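# Coordinate inspection notes
For reference, the chains in residue letters:
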Amino acid sequence: MIKGFVMSVLLGAAVAVSFGGRAWAAGTEGLAGQETLTAAEAGQETGDTSGGDAVGTGIGDTSGEEAVEAGTRGASGEDAVGAGTGDTTGEDAVEAWTGDRSRQDAAETGIGQSSHENRSEGEEDPEPTGPLLVMLKNSGRAQMLSVLIRSQNGRLIVIDGGWEEDGDYLLENIKKYGGHVDAWFITHPHPDHGGALCYILRNKSSEITIDRIYGSFASPEWYQKASPEEAPFVETFLRELSMLPVGTVWGSVGKGFETDMDGLRITALNNRYELKTDPVNNSSIVYLLETGEQKVLFLGDMGYEGGQRLLKESERMLAADMVQMAHHGQNGVGKEVYKAIAPRICLWPTPQWLWDNDRGEGEGTGPWKTLETRKWIEELGVEENYCIKDGDIILELK
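Now for a quick tour of the structure. Being a predicted model, the structure only gives us computed values, none of them experimental.

## Here's the deal with the side chain of aspartate 192
Counting through the fold element by element, aspartate 192 comes out in helix H2 (residues 191–203). No salt bridge is formed by the buried aspartate 192; the nearest opposite charge belongs to arginine 202, separated by 15 Å. Reaching out from aspartate 192, the side chain makes a polar contact with the side chain of histidine 328 at a distance of 3.1 Å. When near neighbours in sequence (up to four residues on either side) are disregarded, aspartate 192 contacts Gln143, Met144, Leu145, Gly162, Trp163, Asp301 and His328.

## Concerning the packing of H2 against helix H4 (residues 231–242)
Here H2 crosses H4 at 40°, and the two axes come no closer than 10 Å. Classified by the angle their axes make, H2 and H4 are oblique. Read as a crossing pair, H2 and H4 show a hand that is left-handed. Where H2 approaches H4, its residues Pro191, Gly194, Gly195, Leu197, Cys198, Leu201 and Arg202 are matched on the opposing element by Phe233, Thr236, Phe237, Glu240 and Leu241. In terms of residue class, the contact of H2 with H4 is made up of seven nonpolar, three polar and two charged.

## Overview of unusual backbone geometry
If you check the backbone angles, asparagine 331 has positive phi at about 55° while not being a glycine. Among the secondary structure elements, asparagine 331 is positioned in the loop between strand E17 (322–324) and helix H6 (335–341). Overall, asparagine 331 belongs to the buried group, its relative accessible area being 14%. Positive phi values are uncommon outside glycine, yet asparagine 357 reaches one of about 50°. Within the fold, asparagine 357 resides in the loop between helix H7 (352–355) and helix H8 (370–379). The buried category is assigned to asparagine 357, whose relative accessible area is 5%.

## Observations concerning the packing of aromatic side chains
Summed over all chains, the structure comprises eight aromatic pairs. Measuring from centroid to centroid gives 4.9 Å for tryptophan 348 and tryptophan 355, while their planes differ by 80°, and the two rings are edge-to-face. Geometrically, the ring pair formed by tryptophan 353 and tryptophan 368 is edge-to-face, given 5.0 Å between the ring centres and 65° between the ring planes. With tryptophan 353 in helix H7 and tryptophan 368 in the loop between H7 and H8, the pair connects residues that are 15 residues apart, well separated along the chain. Accessibility expressed as a relative area gives 8% for tryptophan 368, which makes it buried.

Parameters and conventions
- Once a new chain begins, its residue numbering starts again from 1 and follows that chain's sequence as written.
- Where totals are concerned, whole chains, interfaces and linings use all residues; where local detail is concerned, this predicted model gives features only for residues with pLDDT of at least 70, and gives and counts side-chain atom pairs only at 80 or more.
- Water and hydrogen atoms were dropped before computing side-chain values, which therefore reflect all heavy atoms in the structure.
- Under the DSSP-based scheme used, a helix requires at least four consecutive residues in state H or I and a strand at least two consecutive residues in state E, with every element numbered from the N terminus.
- Exposed residues in this analysis have more than 50% of their type's maximum accessible area, buried residues have under 20%, and partly exposed residues fall in between, with area computed by a 1.4 Å probe over protein chains only.
- Counted as positive: Lys and Arg. Counted as negative: Asp and Glu. His and the chain ends are not counted at all.
- What makes a salt bridge here is a side-chain nitrogen of Lys or Arg within 4 Å of a carboxyl oxygen of Asp or Glu, nothing more.
- By the criterion applied in these results, polar contacts are pairs of N or O atoms within 3.5 Å in which, for protein atoms, one can donate a hydrogen and the other can accept it, and in which residues neighboring in sequence qualify only through two side-chain atoms.
- Contacts: residue pairs with any heavy atoms within 4.5 Å of one another.
- Axis lines are fitted to C-alpha atoms, over the contacting stretch for helices. Their N-to-C directions set the angle, which ranges from 0 to 180 degrees.
- Note on angle classes: values under 35 degrees are labelled roughly parallel, values over 145 roughly antiparallel, values of 65 to 115 roughly perpendicular, and the remainder oblique.
- Here a crossing is taken to be left-handed if its near helix is turned anticlockwise relative to the far helix by less than a right angle, and right-handed if that turn runs clockwise.
- Three classes are used: nonpolar for Ala, Val, Leu, Ile, Met, Phe, Trp, Tyr, Cys and Pro, charged for Asp, Glu, Lys and Arg, and polar for all others, with Gly counted as polar.
- Paired rings are identified among Phe, Tyr and Trp, the last through its six-membered ring, by centres lying within 6.5 Å, and are further divided according to the angle between planes into stacked (under 30 degrees), edge-to-face (over 60) and tilted (the rest).

The following block contains the structure:
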């Protein structure tokens with residue numbers, strides 16, 4: 001059960017809504033716009049990567065079945081540009097795997113204060129005492145995924161982070177929760193998921209500290225072959241990661257990986273898939289967060305083909321109280337996967353235009369499949385849907 005929930009919106013006035021618990025969060029800006037998402041074509045899979053090719057200096061092959069120990073060095077890559085989602089080509093290709101350069105990013109920083117915070121007039125909102133899950137709004141118009149998880153004693157986990165333009169708002173919130181990231185998980189290398197981390201590493205690395213970065217990344221050559229339009233961002237992201245101190249990055253997370261932190265457990269449910277259809281999205285690593293009493297599943301941008309494979313391999317592990325909707329709620333995993341998850345709450349990293357399938361001519365006029373997915377969720381009896389179109393989402397877990 002969710003102990004408390006607040007979704008905050010600033011559309012002219014701050015609105016706080018509490019479900020089953022106390023409200024403490026602040027208003028955020030409502031956003032709308034039009035962008036285009038890549039539509040996956042039908043295709044066939046190519047084969048199993050067995051946990052992903054281990055890439056980078058000194059990481060070795062985990063074969064996807066063994067738990068990964070924190071502190072193992074890996075070179076991780078982040079991402080690809082989805083056709084039509086925006087122009088994010090990054091910098092030129094670089095030597096991402098061989099350099100022993102390091103970045104001085106051990107800056108000490110105080111707790112920042114979000115400029116978006118508003119409290120109910122005339123009263124102090126109580127500070128939440130349990131673990132928190134925060135899914136941030138987008139700073140632009142495009143779809144993105146940016147999640148912070150704060151443990152009961154203040155340890156901080158980040159999942160993905162959004163576009164480069166989302167970097168400053170993410171940084172602001174990281175500082176708000178102490179300025180120190182214990183673990184940063186990347187689902188897959190796309191700029192609407194890893195661009196913010198790339199931006200922070202390149203421009204603001206002295207303002208926070210990051211202990212570990214986890215993900216599963218193929219070689220630059222694989223991205224160049226599988227999705228050449230997305231390869232430039234991957235190469236740029238890998239360069240930023242290669243400049244981090246040895247032991248910071250683990251780039252070959254796969255099925256069997258799990259890590260515990262202050263009462264929270266995160267488990268990877270799959271190896272990185274290398275499929276012909278929608279290859280980078282289908283390479284998403286699915287992470288399961290367990291708090292002891294609750295489970296939250298993060299699907300990244302996994303598509304239909306990856307979802308069917310995940311269902312076959314890990315169906316018994318999919319059940320969760322909450323799920324992050326795959327591929328921003330459209331053209332992601334199939335209804336069968338959501339049926340196996342059987343969530344009570346769905347978390348939608350989805351802007352207004354995509355929620356409405358609106359290409360600028362009204363609801364239902366776009367090519368995206370969000371309305372179909374919303375119908376599935378209704379048919380499955382999901383109790384609550386929360387969406388970043390309304391602002392930041394903050395949940396107190398237990």
